[in-house]
Amino acid sequence: GTASLRRQAQIYAKNPGVRCINFRGNVQTRLRKLRDGEVDATLLAYAGLRRMGMEEHATQVLDWDQMLPAIAQGAISFQCTSDDQATLKYLRPLSHQPTFDAVTCERAFLASLDGNCKTPIAGQAEVSKS
C-alpha cells in the first residue's frame, strides 16, 4: 500500500501483476494495516523509521535502481530576500554546493516535464567529478 502516485507508477513498471492499495496514515497506522493483513507490503521512508527509532520494521532498503525518490527528496531549503544581508550571513555557511546543484538540476528536469508535486515523476541527480 502507498498513497504516492510516483511510487505506484514505479511499482507497476517493474511488477505489472501487483495491485497497489491507496492508503494513508502515520507510520504506526500503516504498520498496523500491514500486520492486520489489509496489505501485503507497504513502502515507508527509512529516514523516518530511523528518526523514530523503528528501523527494525524495515525489511528491505531500496536502491535508486529499484525506486527513485521524489524530486529534491531530503533536501532542506532556506529562503530569504536577496537583500537581507544579515540573514544571508548566517545561511551561506549552511549551503552545500553539490546538493544545491543536484536539486537545481532535479527541479529543472521536473519543470521541463511540466511536473508538480502531484505528478508521478521521480529523479535523482548526482554531482560527480569528471
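Provided above is the structure to which this section pertains.
With phi around 65°, Ala72 is a residue other than glycine that occupies positive phi space. Note that Ala72 resides in the loop between α3 (46-51) and α4 (85-91). Phi at Asp114 takes a positive value of approximately 60°, unusual for a residue other than glycine. In this structure, Asp114 sits in the segment after α5 (97-112).

Turning to α5, a few remarks are in order. The end-to-end C-alpha separation of α5 is 22 Å, in line with the 22 Å expected for 16 residues at 1.5 Å each. By the burial criterion, the buried members of α5 are Ala102, Val103, Glu106 and Leu110. Viewed along the axis of α5, the buried residues span an arc of 95°, placing them on a single side of the element. In this structure, α5 carries Phe100, Ala111 and Ser112 as exposed residues pointing more than 90 degrees from its buried face.

Attention now moves to helix α2 (residues 27-35). Along α2, the positions that sit buried rather than exposed are Val27, Arg30, Leu31 and Lys33. Seen along its axis, α2 keeps its buried residues to an arc of 160°; they face one direction. In this structure, the buried side of α2 is in contact with α3. By the N-cap criterion, in which a side-chain oxygen at the helix start approaches the backbone nitrogen of a residue two or three places on, α2 is capped by Asn26, the distance to Gln28 being 3.2 Å. Phi turns positive one or two residues past the end of α2, at Gly37, with a value near 85°.

Time to look at a nonpolar patch on the surface. On the surface, Ile76, Phe78 and Leu94 cluster together into a nonpolar patch covering about 370 Å² of accessible area. On the secondary structure map, Ile76 appears in the loop between α3 and α4.

We now examine the pattern of salt bridges. Any two side chains of opposite charge can pair, given that their charged atoms come close. Going through the model one piece at a time under the given rule, you end up with 2 salt bridges. Arg32 serves as the salt-bridge partner of Asp36, at 3.8 Å between the closest nitrogen and oxygen. The class of Asp36 is partly exposed, set by a relative accessible area of 46%. By relative accessible area, Arg32 is classed as partly exposed at 34%. Close ionic contact of Asp36 with Arg35 constitutes a salt bridge, the shortest N to O distance being 3.9 Å. Residues participating in the shared-partner salt-bridge network are Arg32, Arg35 and Asp36.

Thresholds applied
Residues numbered from 1 in each chain as written. Predicted model: local features only at pLDDT ≥ 70, side-chain atom pairs only at ≥ 80, totals over all residues. Heavy atoms only, no water. Helix = DSSP H or I, 4+ residues; strand = E, 2+ residues; numbered from the N terminus. Expected span 1.5 Å × (residues − 1). Buried < 20%, exposed > 50% of the residue type's maximum accessible area, 1.4 Å probe, protein only. Arc of directions from axis to C-beta. Contact = heavy atoms within 4.5 Å. Polar contact = N/O pair within 3.5 Å; in protein donor to acceptor, adjacent residues only side chain to side chain. Patch = residues over 30% accessible without salt bridge, like charges linked within 9 Å, V, L, I, M, F, W, Y side chains within 5 Å. Areas by Shrake-Rupley, 256 points an atom, 1.4 Å probe, with all protein chains shown as cover. Salt bridge = Lys/Arg side-chain N within 4 Å of Asp/Glu carboxyl O.

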